[in-house]
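Structural features, examined
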Amino acid sequence: MVRSGCGVLLHVLFEHAVGYTLLALKEVEEISLLQPQVEESVLNLGKFHNIVRLVAFCPFASSQVALENVNAVSEGIVHEDLRLFLETYLPTKKKKVLLGVGDPKIGAAIQEELGYNCQTGGVIAEILRGVRLHFHNLVKGLTDVSACKAQLGLGHSYSRAKVKFNVNRVDNMIIQSISLLDQLDKDINTFSMRVREWYGYHFPELVKIINDNATYCRVAQFIGNRKELNEEKLEELEELTMDGAKAKAILDASRSSMGMDISAIDLINIESFSSRVVSLSEYRQSLHTYLRSKMSQVAPSLSALIGEAVGARLIAHAGSLTNLAKYPASTVQILGAEKALFRALKTRGNTPKYGLIFHSTFIGRAAAKNKGRISRYLANKCSIASRIDCFSEVPTSVFGEKLREQVEERLSFYETGVIPRKNLEVMKEAMVQAEEAAAEITRKLEKQEKKRLKKEKKRLAAIALASPENSSSTPEECEETNEKPKKKKKQKLQETPQENGTEDPPVSLPKPKKRKSFSKEEFVNNDLETANNGNLPKRKKSLTKQEPVSEPEEATNRSVPKKKRKLSLKEEPLSSGPEEAVSNKSAKKKKKLQKLAQED
């Protein structure tokens, strides 16, 4: 019962898939005394509203946050969101607060970390039942459908996170493979008997020489018509039979056989059917190797103790390795002999001593009087081995080998009387070896993981290198490639010839100017103005300045395009030639200008 002292406030914490909810109880004294009335009022929403008042509701931000909070609550850990929620909405005076929670683990954690007194059970359980029933009515904006969807989604994600699913340790594949192996044994025996009868009409002596079914089908497929068998095929026949004497006996028997002749169509049918039987036997061998590898991963101790086939049959009969681990040793002993057990109980006869474990080698090696004892001892060790395989994190065959040694010692004790070692000593040795083996296995797994990560990095790097190569033919890069020869031309124009290993100073080449079209009057007036001022014409000055540059200009004209070359040829009298030619031309121009001025 809830005992509330004077002034103690009772709050209830409710964890939902949507978020945390904090509720306050209005009538603490009456609730603590009248629990049956609370049970009745829980079902009625109106009465329940008179008892409970919603204080605060804190929704989860996402499904991932909800999963983290639920995992923390299930493990009895106070999440940071829950801590902040309680510190925000609960009263600051912790002694006057009594918090009701559904799980005692989270109640103890809250009391230890936050200092609030927590209580579970009794009236709290009834109040939480009512909150769970009327939750969508207590929180505004929440419908029953949305609350159910949130619960379903969170339930799936929580179950997925809790169940540690290891693909390499799935025992369903063992159950299916051992069932298929038994079915294949039956089918191969039936089909091989059919081949023996069918081919026996033609070559009846072969049945007595070869006993193995698969070998008989291979030999029948190889021989075909016995009349065609000769000494040239003897070597290949020896390879099939793995025995020279048998191959010679087959050859002799084919020459003096009592069988009837057979047609070509019948031989074709026999060969096709025998080839199918051979393929089935080969598949049976591959399936057996697969079963051995799977048993070494899932139940290494059980397979080391009793063998892969018997261990797989035990797992298949129990339904799973977990079910087999739950069985006591007495059940494991008679597993597979249920009919004999119930018949013995019904007739009050002797119960069976062994079931599927009879197929192990130990019971067959024991004497008749010790078969029951050794089967009981072997069942005990099988139950221990199955529990070790089921609940160990790193599966190792060390315990199975040690348990097998114990069974061997027990067999020798029954025969010779040599006292076996104690179980404590054997298990101590096994623990030391198992730790070493587990460390080695983890080391190998880490190496494999590192190799896988390196391969993944290389693959990602190759993809990253391949992507820029594919995008190399972009229009921008095409423009860059087109601009490269232009840059080279500019560099050639800027280069100056080197003489005697010395470099000339960089000279700025004048750009060719377009000639302006002037009228005669403007041209004459300009010349007169220059003559009156007594200054030389501007062209003469440019000539004097450009005289030392004439030689490099001639060298660069070779690398200039055609259009530029034409311009340079037209401007040769301005930029190149000796001084005398320039002076003569200027004198002629002066005379012409003077004549024009006189005529005007």
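Quick caveat, the model's predicted, so the values are computed rather than measured. All chains use their own residue numbering, which begins from 1 and follows the written sequence. The model is predicted, so local features are restricted to residues of pLDDT at least 70 and side-chain atom pairs to those at 80 or more, both for listing and for counting; the totals for chains, interfaces and linings are taken over all residues. Here the side-chain values reflect all heavy atoms present in the structure, with hydrogen atoms and water set aside.

It is worth spelling out the pattern of salt bridges at this point. Salt bridges, as used here, are contacts in which a Lys or Arg side-chain nitrogen is within 4 Å of a carboxyl oxygen on Asp or Glu. Inspection of the entire model under this criterion finds 17 salt bridges. For R83, the salt bridge goes to E113, with nearest N and O atoms at 2.7 Å. Taken together, the residues span a long stretch of sequence, with R83 in helix 5 (residues 80-89) and E113 in helix 6 (residues 104-113) at a distance of 30 residues. We classify E113 as partly exposed; its relative accessible area is 40%. D261 is the partner of K227 in a salt bridge, and the nearest nitrogen-oxygen pair spans 3.0 Å. Of the two residues, K227 is situated in the loop between helix 12 (213-223) and helix 13 (234-241) and D261 in the loop between helix 14 (244-255) and helix 15 (264-298); the sequence distance between them amounts to 34 residues. Across the pair, exposure class does not vary: K227 and D261 are exposed alike. Connected through salt bridges with shared partners, the residues K402, E405, E409, R421 and E429 form a single ionic network. Helix and strand assignments come from DSSP, with helices taken as H or I runs of at least 4 residues and strands as E runs of at least 2, each series counted from the N terminus. Note on classification: 1.4 Å probe, protein chains only; a residue is buried when its accessible area is under 20% of the maximum for its type, exposed when over 50%, partly exposed between these limits.

This brings us to the packing of helix 10 (residues 172-200) against helix 17 (residues 308-318). Axis definition: a line fitted to C-alpha atoms, over the contacting stretch in the case of helices. Angles run 0 to 180 degrees between N-to-C directions. It is at 9 Å that the axes of helix 10 and helix 17 come closest, and there the two elements cross at 115°. One finds that helix 10 runs roughly perpendicular with respect to helix 17. Of the two possible hands of crossing, helix 10 and helix 17 adopt the one that is left-handed. Listed contacts from helix 17 to I174, I175, I178 and D182 of helix 10 are A309, A312, R313, I315 and A316. An angle below 35 degrees is treated as roughly parallel, one above 145 as roughly antiparallel, one from 65 to 115 as roughly perpendicular, and anything else as oblique. A crossing counts as left-handed when the near helix is turned anticlockwise from the far one by less than a right angle, and as right-handed when that turn is clockwise. Any two residues whose heavy atoms approach within 4.5 Å at even a single point are treated as in contact.

It is worth spelling out the environment of A337 at this point. With respect to the helices and strands, A337 occurs in the loop between helix 19 (329-333) and helix 20 (338-347). Here the alpha-carbon distance between A337 and L356, two residues 19 residues apart in the chain, equals 7.4 Å. In contact with A337, other than residues within four places in its own chain, are P352, Y354 and G355.

Taken together, W198, Y201 and M260 make up a surface patch of nonpolar side chains, about 360 Å² in accessible area. Mapped onto the fold, Y201 is located in the loop between helix 10 and helix 11 (206-209). Residue classification places Y201 among the exposed positions, given a relative accessible area of 55%. Note on patches: the residues involved have over 30% relative accessible area and no salt bridge, like charges join within 9 Å, and the nonpolar side chains Val, Leu, Ile, Met, Phe, Trp and Tyr join within 5 Å. Where accessible areas are quoted, they stem from the Shrake-Rupley method and a 1.4 Å probe; at the residue level, only the protein chains shown are allowed to cover.

It is worth spelling out the packing of aromatic side chains at this point. We describe a pair of aromatic rings using the distance from one ring centre to the other and the angle between the two ring planes. For Phe, Tyr and Trp, where Trp contributes only its six-membered ring, two rings pair if their centres lie within 6.5 Å, and the inter-plane angle classes them as stacked under 30 degrees, edge-to-face over 60, or tilted in between. Inspection of the entire model under this criterion finds 10 aromatic pairs. Geometrically, the ring pair formed by F14 and F135 is tilted, given 5.4 Å between the ring centres and 50° between the ring planes. With F14 in strand 1 (residues 9-15) and F135 in helix 8 (residues 135-138), this pair connects stretches of sequence that are 121 residues apart. One exposure class covers both F14 and F135, and it is buried. A connected cluster of aromatic rings, assembled from ring pairs, spans Y20, F60, F85 and Y89. Note on criteria: charge over ring means Lys NZ or Arg CZ within 6 Å of the ring centre, with the direction from the centre no more than 35 degrees off the ring normal. Positioned above the aromatic ring of Y216 is the side chain of R196, whose terminal nitrogen or guanidinium carbon lies 4.7 Å from the ring centre.

Bringing the side chain of S274 into the picture now. One can find S274 in helix 15. Leaving out residues up to four positions away in the same chain, S274 has contacts with V195, C217 and Q221.

So, about the pairing of strand 2 (residues 19-25). Most of strand 2 sits out of view: seven of its seven residues are buried. By the convention used here, strands pair only if DSSP detects at least 2 bridges between them. Both strand 1 and strand 2 contribute to a ladder of five bridges, which runs antiparallel. In the strand pairing of strand 2, L13 is matched with L22. In sequence, strand 1 turns back onto strand 2 through a hairpin of three residues. Pairing analysis gives seven bridges linking strand 2 to strand 3 (residues 52-59), with the strands arranged antiparallel. Note that in strand 3 the partner of G19 across the bridge is P59.

This part takes up a negative patch on the surface. Counting rule for charge: Lys and Arg are taken as positive, Asp and Glu as negative, and neither His nor the chain ends is counted. Working definition for charges: the position is that of NZ of Lys, CZ of Arg, CG of Asp or CD of Glu. Together, E235, E236, E238, E239 and D243 line one region of the surface with negative charge. Note that D243 resides in the loop between helix 13 and helix 14. Judged by its relative accessible area of 31%, D243 falls in the partly exposed class.

Let's shift gears to the confidence of the model for the protein chain. pLDDT measures the predictor's confidence residue by residue and takes values from 0 up to 100. When pLDDT is averaged along the protein chain, the result is 78, and 75% of the positions lie at 70 or above. Per-residue pLDDT stays below 50 along residues 1-6; that stretch engages in 14 contacts with residues further than four places along the chain or on separate chains. Note on residues 526-579: pLDDT under 50 across the span, and 34 contacts to partners over four residues away in sequence or across chains.

In these notes, a set of buried Ala, Val, Leu, Ile, Met, Phe, Trp, Tyr and Cys residues joined through side-chain atoms within 4.5 Å is what counts as a nonpolar core. Core analysis: the largest hydrophobic core is formed by 39 residues, its most contacted members being L302, L305, I306, I315, L324 and L378. The set of elements that each furnish at least two residues to this core consists of helix 10, helix 15, helix 16 (300-306), helix 17, helix 18 (321-326), helix 21 (361-365), helix 22 (371-391) and helix 23 (398-416). Residue contacts for I306: discarding those within four places in its chain leaves G311, L314, I357, S360, L378, C382 and R404. Listed in part, the 24 residues of the second largest apolar core include L82, F85, V97 and L154.

A word on a positive patch on the surface. On the surface, R443, K447, K450, K451, K454, K455, K457 and K458 cluster together into a positively charged patch. With respect to the secondary-structure elements, K455 resides in helix 24 (residues 423-470). Note on K455: relative accessible area 62%, which makes it exposed.

This paragraph deals with the sheet that holds strand 4 (residues 97-100). If you walk across this open sheet you meet the five strands as 3-2-1-4-5, and the pairing is mixed. The open sheet has two free edges, formed respectively by strand 3 and strand 5 (117-119), since each of these has just one partner strand. Across this sheet, the average inter-strand angle for adjacent strands is 25°, counted without regard to direction. Helix-sheet contacts for helix 6 involve strand 1, strand 4 and strand 5, and the interaxial angle to strand 5 is about 170°. Across the face of the sheet, helix 7 (residues 123-133) comes into contact with strand 1, strand 2, strand 3, strand 4 and strand 5 while running at roughly 50° to strand 1.

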